[in-house]
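# Structural characterization, general
Each chain, letter by letter, is given below.
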Amino acid sequence: MLRRLMPRSLSPRPVMALAALSLLASCSSDPKTSQGLTAPDGRLLHEDRGASGGETGLKGGVNAYLWRATLDTISFMPVATADAEGGIILTDWYTPPAAHDERFKITAFILDRRLRSDALRLSVFRQVREGGAWVDTPPAPNTASDIAARILSRARKLRANNGNRD
């Protein structure tokens, strides 16, 4: 009775396939650690086709000069949230002292680790009070570009003060 429950001898095909598979696994050209494991190469899966145009190395964070310059430039506004790794700064509503029926909000996106003008995207929102309620109104057309120019100027100055090192 025990004999029927025991498997018969393995045929040569599965044994050869298993041996070939183990030989292929040991032929990897990846660098090995001291424990014989494949060393990590600092990449996500095998290739990272992120927003940076398909660079293979993992990168995090944003340009420090743009980040600091953005915070410095909009420091008169209350910051609701700031994420240095993601490069997002959101302000809360700000009412200028001279205009009590008008308020502004800024969203800043830092998109790159390099100090470039296209690495900064700003959105400026404006509301005016009409009949006791806040109504969305577009800001002046050059508001976002003026603030962005000030941020870029400040970032270049910070970089120059640091010996032009990135």
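For the structure itself, look to the data block above.
None of the values given here were measured: they were computed from a predicted structure.

### Focus on the pattern of salt bridges
Following the criterion strictly, the structure yields six salt bridges and no others. In this structure, Arg 68 and Asp 72 form a salt bridge, with 3.1 Å as the shortest nitrogen-oxygen distance. Of this pair, Arg 68 and Asp 72 both sit in helix H3 (residues 64–73), separated by four residues, roughly a single helical turn. With relative accessibility at 42%, the residue Arg 68 sits in the partly exposed group.

### Re the sheet that holds strand E5 (residues 133–137)
A sheet is described by the order of its strands in space; here five strands give the open sequence E1-E2-E3-E4-E5, paired in antiparallel fashion. At either margin of the open sheet sits one strand with a lone partner, and together these are strand E1 (79–83) and E5. Strand-to-strand twist across the sheet, computed as the mean angle between neighbouring axes with direction ignored, equals 15°. In this structure, E1 lies alongside strand E2 (residues 88–91), joined through four bridges in antiparallel fashion. Residue Thr 81 lies in a different strand from E2, and its bridge partner there is Leu 90. This element, helix H4 (residues 143–161), spans strand E3 (102–110) and strand E4 (120–130) of the sheet and lies at about 135° to E4.

### Focus: the layout of surface pockets
Roughly 190 Å³ of internal volume is contained in the second largest pocket. In terms of lining, the second largest pocket is formed by Thr 73, Phe 76, Met 77, Tyr 94, Phe 104, Ile 106, Val 124, Thr 143, Asp 146, Ile 147 and Arg 150. Elements represented by at least two residues in the lining of the second largest pocket include exactly E3 and H4. Broken down by element, the residue count for the lining of the second largest pocket peaks at four residues, all from H4. Taken together, the residues of the lining of the second largest pocket break down into seven nonpolar, two polar and two charged.

### A short note on the packing of aromatic side chains
Aromatic ring pairs are defined here through the distance separating the ring centres and the angle between the ring planes. Inspection of every chain in the model, using the stated rule, returns one aromatic pair. Measuring from ring centre to ring centre gives 5.1 Å for Phe 76 and Tyr 94, while their planes differ by 75°; the resulting arrangement is edge-to-face. Here the residue Phe 76 occupies a position in the loop between H3 and E1, and Tyr 94 occupies one in the loop between E2 and E3, the gap between them amounting to 18 residues. Over the ring of Trp 93 we find Arg 103, and its NZ or CZ is 4.6 Å from the ring centre.

### Details of the side chain of Thr 107
Tracing the backbone through its elements, the reader meets Thr 107 in strand E3. A relative accessible area of 11% means that Thr 107 is categorised as buried. When neighbours within four sequence positions are excluded, Thr 107 is seen to be in contact with Ile 89, Leu 90, Arg 121, Leu 122, Ser 123 and Phe 125.

### As for the nonpolar core
Within the largest apolar cluster, 24 residues are counted, with the highest numbers of intra-cluster contacts made by Leu 66, Ile 106, Leu 120, Leu 122, Ile 147 and Ile 151. Listed by contribution, the elements that provide at least two residues to this core are H3, E3, E4 and H4. Looking at which element gives the most residues to this core, the answer is H4, with six residues.

### Describing the side chain of Arg 103
Of note, Arg 103 is situated in strand E3. One polar contact links Arg 103 to Gln 127, side chain to side chain, over a distance of 2.6 Å. Excluding anything up to four places from it in sequence, Arg 103 contacts Trp 93, Tyr 94, Thr 95, Phe 125, Arg 126, Gln 127 and Trp 134.

### A look at the packing of H3 against H4
A packed helix pair is summarised by two numbers, namely the angle formed by the two axes and the spacing between the axes. H4 packs onto H3 with a crossing angle of 125° between their chain directions and a minimal axis gap of 8 Å. The orientation of H3 relative to H4 falls into the category oblique. Where H3 crosses over H4, the handedness of that crossing is right-handed. Taken together, the residues of H4 that come into contact with H3 (itself represented by Tyr 65, Leu 66, Arg 68, Ala 69, Thr 70, Asp 72 and Thr 73) are Ile 147, Arg 150, Ile 151, Leu 152, Arg 154, Ala 155, Leu 158 and Arg 159. Split by residue class, the contact of H3 with H4 holds eight nonpolar, two polar and five charged.

Parameters and conventions
- Residues numbered from 1 in each chain as written.
- Predicted model: local features only at pLDDT ≥ 70, side-chain atom pairs only at ≥ 80, totals over all residues.
- Heavy atoms only, no water.
- Salt bridge = Lys/Arg side-chain N within 4 Å of Asp/Glu carboxyl O.
- Helix = DSSP H or I, 4+ residues; strand = E, 2+ residues; numbered from the N terminus.
- Buried < 20%, exposed > 50% of the residue type's maximum accessible area, 1.4 Å probe, protein only.
- Pairing = 2+ DSSP bridges.
- Axes fitted to C-alpha atoms, helices over the stretch in contact; angles between N-to-C directions.
- Contact = heavy atoms within 4.5 Å.
- 1 Å grid on protein atoms, 1.4 Å probe; cavity = no way out; pocket = protein on both sides within 12 Å on 5 of 7 lines; lining within 4 Å.
- Points joined across faces, edges and corners; volume = space filled by probe spheres on them.
- Nonpolar A, V, L, I, M, F, W, Y, C, P; charged D, E, K, R; others polar.
- Phe/Tyr/Trp six-rings, centres within 6.5 Å; stacked < 30°, edge-to-face > 60°.
- Lys NZ or Arg CZ within 6 Å of the ring centre and 35° of its normal.
- Core = buried A, V, L, I, M, F, W, Y, C linked by side-chain atoms within 4.5 Å.
- Polar contact = N/O pair within 3.5 Å; in protein donor to acceptor, adjacent residues only side chain to side chain.
- Parallel < 35°, antiparallel > 145°, perpendicular 65-115°, else oblique.
- Left-handed = near helix turned anticlockwise from the far one by under 90°.

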